[in-house]
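This is what each chain is made of:
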Amino acid sequence: MINLDDEACTEVMELLGVRTKTDAVNVALRDVLRRWRLQTLLKETADIRVIADPEEHYRAAGR
């Protein structure tokens, strides 16, 4: 058994449209994981150059 902040849990339940505390906690946990994975991905790919206009890139490269 865990102790939860009832006010926060009720507010999250209303915001997310879920009916149980379990669902609210599970959605919140998945959201934390999603955000962490996104931040990790952004850090790991920060050095990858993005080509805004691939056609222009290929023309400039003579392809």
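Above this text sits the structure in question.
Residues numbered from 1 in each chain as written. Predicted model: local features only at pLDDT ≥ 70, side-chain atom pairs only at ≥ 80, totals over all residues. Heavy atoms only, no water.

## A few points about the overall build of the protein
- Helix and strand content of the protein: three helices and zero strands.
- Reading the protein from its N terminus to its C terminus gives the helix and strand order α-α-α.
- Over its C-alpha trace the protein gives a radius of gyration of 21 Å, far above what one expects of a compact globule, namely 11 Å for 63 residues.
- The principal-axis extents of the C-alpha atoms in the protein amount to approximately 65 × 20 × 15 Å. (Helix = DSSP H or I, 4+ residues; strand = E, 2+ residues; numbered from the N terminus. Rg over C-alpha atoms; globule rule 2.2 N^0.38 Å.)

## Considerations on helix α1 (residues 6-16)
- The N-terminus of α1 is capped by aspartate 5, whose side-chain oxygen sits 3.1 Å from the backbone nitrogen of glutamate 7.
- One or two positions beyond α1, positive phi appears at glycine 17, with a value near 70 degrees. (Polar contact = N/O pair within 3.5 Å; in protein donor to acceptor, adjacent residues only side chain to side chain.)

## Some remarks on a negative patch on the surface
- Together, Asp5, Glu7, Glu11 and Glu14 make up a negatively charged patch on the protein surface.
- Among the structural elements, glutamate 14 can be located in helix α1. (Patch = residues over 30% accessible without salt bridge, like charges linked within 9 Å, V, L, I, M, F, W, Y side chains within 5 Å. Areas by Shrake-Rupley, 256 points an atom, 1.4 Å probe, with all protein chains shown as cover. Salt bridge = Lys/Arg side-chain N within 4 Å of Asp/Glu carboxyl O. Lys, Arg positive; Asp, Glu negative; His and termini not counted. Charge placed at Lys NZ, Arg CZ, Asp CG, Glu CD.)

## Re the pattern of salt bridges
- All told, the structure shown has five salt bridges when counted by the stated rule.
- Arginine 34 is the partner of aspartate 31 in a salt bridge, and the nearest nitrogen-oxygen pair spans 2.8 Å. Of this pair, aspartate 31 and arginine 34 both sit in helix α2 (residues 21-44), three residues apart, roughly one helical turn.
- Residue class for arginine 34 comes out partly exposed when judged on its relative accessible area of 45%.
- Across the pair arginine 59 and glutamate 56 runs a salt bridge, and its minimum N-O distance is 3.0 Å. (Buried < 20%, exposed > 50% of the residue type's maximum accessible area, 1.4 Å probe, protein only.)

## A look at the packing of α1 against α2
- Remark: α1 packs on α2, axes separated minimally by 9 Å, with the N-to-C direction vectors making an angle of 80 degrees. One element, α1, and the other, α2, form an angle in the roughly perpendicular class. Touching Asp6, Cys9, Val12, Met13 and Leu16 of α1 are Lys21, Ala24 and Val27, all from α2.
- Looking at the contact of α1 with α2 residue by residue, the classes come out as six nonpolar, no polar and two charged. (Axes fitted to C-alpha atoms, helices over the stretch in contact; angles between N-to-C directions. Parallel < 35°, antiparallel > 145°, perpendicular 65-115°, else oblique. Contact = heavy atoms within 4.5 Å. Nonpolar A, V, L, I, M, F, W, Y, C, P; charged D, E, K, R; others polar.)

## Thoughts on the environment of aspartate 5
- Within the secondary structure, aspartate 5 is located in the segment before α1.
- In terms of polar contacts, aspartate 5 uses its side chain to reach the backbone amide nitrogen of glutamate 7, at 3.1 Å.
- A polar contact of 3.0 Å, which involves the side chain of aspartate 5, links it to the backbone nitrogen of alanine 8.

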